[in-house]
Amino acid sequence: MTSATTAPTTMLVPDFPFSYDRWLRHPAGLGRLPPGVAGTEVAVVGGGMAGLTAAYELMRLGLRPVVYEAEQLGGRMRSVPFPGNPEYVAEMGAMRFPVSARALFHYIGLLGLGTRPFPNPLAPSTPSTLIDLEGVRHRARTPEQLPDVYQEVADAWEKALHERAELSTVRDAIRRRDVETLKAVWNRLVRDFDDQSFYGFLATSPTFQSFRHREIFGQVGFGTGGWDTDFPNSMLEILRVVFTEADDHHLAIVGGSQQLPRGLWEHRPEVLAHWPRGTSLASLHGGAARPAVTGLRRCGAGFRVADAGGGSATYPAVVFSPHVWTLLNRIDCDPALLPTGHWTAVERTHYMGASKLFVLVDRPFWRDADPATGADAMSMTLTDRMPRGVYLFDDGPDRPGVMCLSYTWNDDSLKFATLSARERLEVLLTRLAAIYPDVDIRSHLIDGPLTVTWETEPRFMGAFKSNLPGQYRYQRRLFTQFMQDGMAPGQRGFFLCGDDVSWTAGFAEGAVTTALNAVWGVLNHLGGATHPDNPGPGDVFHEIAPVELPYT
C-alpha cells in the first residue's frame, strides 16, 4: 500500500472529491441497465472529449449513443496537420496534461497513446528558458539560476498559499484521499474566497505588498508561466489548480491530442453489454457522426433533436457537452430544457480567450550554440511583449521542428483577433527579432503559419470557462445538474457535461469527469443502477456534495 508521504497527487477536486479513476478501474463496471432498455438510443451532442467519453461509456453499458458533431471530432483537442507536412501537427487547443489527471490518463492508457514531457518554462525537460521583462533578459535552466527577485516572488507565493489557504493540509488530504479533511478545509476556503479575485488575494497578502513582486508574478507566474490574465478571476479557480498540481508535471501526447477523442470513436472495447464484440462508436454510426444540432425541445417524456441536415429524432435522454453558451445562440432551445436558475448560470458563465500561432521549421535550429556565449540560440520564452509565450518542439537534430511562436490569453489574445495569420506572423517575427537579434527565424520556415483565436471560433466563443468572483453559486448549479431526483419530472433527462461545467475548466480531466457524471445520470434516469461495490458519483453525492453558500 502506498504511504501518505509517497502517494501521488490526483485531481481529486475538493468541491466534489469523488475518485473517478477508481470508479473506472473497478471490475464491476459502471453499472447495469434494467431489462428491456439495452439498445435504447441516447443523443450525445458534441464530439469533443466530454461527448465521446460519455458516448463510449454509454455504449459499453449497452445503450446506443447517437453523436452529433458540428465540425470535427475532437472539440478543443484540435491537432491540425501542417498542409505540406501532415506528419507534423499544431496543437490548437489542449496540448499539455497534468499527470494528476488520473481519469483522463485512464483513457490515454486504454488507447496505448505515447506521451512525453511538455517543455514548460523551467521544467526539467526544457533545455533552457529565457525571461524577457521590460527589455531585461535572463536565461536559466532551473529557477535557482534566476536573479534573487524571482526567488523572492516564488517564496512570497508559496508563503501566501500556506498562510492563507492551508496548502500543506489540502495537498496532504488529496494525496491520502482523505475526503473528510479535504471537505472541512475547502468548504471554509469557499466561504472565505468566493468574493476574492486572484489579484485581490495577492494584493492583500502580506508577502506580496511590493507591486514589483506582483508584476513579476503576473508575467512569470508558476508552472506554465504568467498568470496576470487570470488576475480578475476568482481565487477559488486558482486554488483548485494549485492544490491538484494541475499546472505542473505536464505531458504531451505524441502525435497530437486529437488522437484521444478520435481513438475513443474507433475503439472496440473488450467488455461490452448487449453489443457484439468488435462494436465501436464508429461502427454504430456508419463511420460518421450526425451533423450539428439546431434544435432541442422537450417532447412528452423525451426530447426532439433537430440537426443541420434536416433530420429529426426523439430520445429519452440527451447528453449535452459543447460550451453552454451555444444553448443561447446556436441552438433553438425549449426554455423548459433547464430550470430558470440554470439558465441564469448559463448566461453568466465567463469564458477566457486564447490565441496561438504555430510554424514548422526545417530543423530545431534553436539548439545551435551561440558562438559568443555557448548558450542555445533560442529558448522557451516568457515575455511581457506580444508573443507572451514561445514553445519549442523537436524530434531530433535532423528532423523539422514545431514552434509555437505565441500563446496568449484574454486581452493579449484580443490583440491578434483582427489580424490575419500572415499579419500575426509578421508581428511576431518583428517582436522576437528584438529579443533574439542574431536569430533569423524566417530563414528556417517551411510551413504555416497555423493559428487560432478561440473567442472568435463561432461554436466555442472562448477557450474555457473561468469563474469571476461571486460566481461559485452559478458553477454549483451547472455541476450538480446531473443530480435530477429533486427536479420536477418535466425537467429531467437533459444532462450537461464538459469542462466548462466542471470545477476545473481548461483541463481535459474536467471534461472526462463531468461526462462520467452524465453517464451516471443517464443510467439512473433509465432505471439502471451501479454495482453496490462500485458506487458512482450520484450514489455518494449527498455525502461529498459541493458546499452551498447562502443566497440571501
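Not measured: the values here are computed from a predicted model. (Residues numbered from 1 in each chain as written. Predicted model: local features only at pLDDT ≥ 70, side-chain atom pairs only at ≥ 80, totals over all residues. Heavy atoms only, no water.)

A.B. asks: So what about the sheet that holds strand 14 (residues 332-333)? Which residues, and what values?
C.D. replies: One key point about sheets: their strands pair by backbone hydrogen bonds, in either a parallel or an antiparallel sense. One open sheet holds the four strands; their spatial order is 12-11-10-14, and the pairing between them is mixed. The sheet is open, and its two edges are formed by strand 12 (312-315) and strand 14, each paired on a single side. For strand 10 (residues 293-299) and strand 11 (residues 302-307), the ladder comprises six bridges, and the chain directions are antiparallel. In the sheet register, Leu 296 faces strand 11, and the bridge partner there is Val 305. (Pairing = 2+ DSSP bridges. Helix = DSSP H or I, 4+ residues; strand = E, 2+ residues; numbered from the N terminus.)

A.B. asks: An account of the environment of Ser 420 is needed here, citing residue identities and associated values.
C.D. replies: Topologically, Ser 420 is positioned in the loop between helix 14 (410-414) and helix 15 (421-435). Placed 382 residues apart in sequence, Ser 420 and Ala 38 show a C-alpha to C-alpha distance of 50 Å.

A.B. asks: A description of the side chain of Thr 10 should follow, citing residues and the corresponding values.
C.D. replies: Mapped onto the secondary structure, Thr 10 falls in the segment before helix 1 (20-25). Among the residues examined, Thr 10 registers a relative accessible area of 4% and is labelled buried. If sequence neighbours within four positions are ignored, Thr 10 has contacts with Ser 100, Arg 102, Ile 174, Arg 177 and Thr 244. (Buried < 20%, exposed > 50% of the residue type's maximum accessible area, 1.4 Å probe, protein only. Contact = heavy atoms within 4.5 Å.)

A.B. asks: Could you give me a rundown of the sheet that holds strand 2 (residues 64-68), with the residues and numbers involved?
C.D. replies: Pairing in this open sheet of four strands is parallel, and the strands run 2-1-13-22 from one edge to the other. Taken across any chain shown, the strands that pair with only one partner, and hence form the sheet edges, are strand 2 and strand 22 (494-496). Strand-to-strand, the axes of this sheet are offset by a mean angle of 20°, without reference to chain direction. The pairing of strand 13 (residues 318-320) with strand 22 spans three bridges and is classified as parallel. Its bridge partner being in strand 22, Phe 320 is matched across the sheet by Leu 496. (Axes fitted to C-alpha atoms, helices over the stretch in contact; angles between N-to-C directions.)

A.B. asks: Can you lay out the pattern of salt bridges for me, pointing to particular residues and giving the numbers?
C.D. replies: Evaluation of the coordinates by the stated rule reveals 28 salt bridges. Between Glu 163 and Lys 159 there is a salt bridge, with its nearest N and O atoms 3.8 Å apart. Of this pair, Glu 163 and Lys 159 both sit in helix 4 (residues 148-165), four residues apart, which is roughly one turn of the helix. A relative accessible area of 45% places Lys 159 in the partly exposed class. For Asp 412, the salt bridge is made with Arg 388, and the minimal N-O distance between the two is 2.5 Å. Highlighted residues: Asp 412 in helix 14 and Arg 388 in the loop between strand 17 (380-383) and strand 18 (389-394), separated in sequence by 24 residues. Exposure remark for Asp 412: the relative accessible area of 8% places this residue in the buried category. (Salt bridge = Lys/Arg side-chain N within 4 Å of Asp/Glu carboxyl O.)

Geometry only, nothing functional implied.
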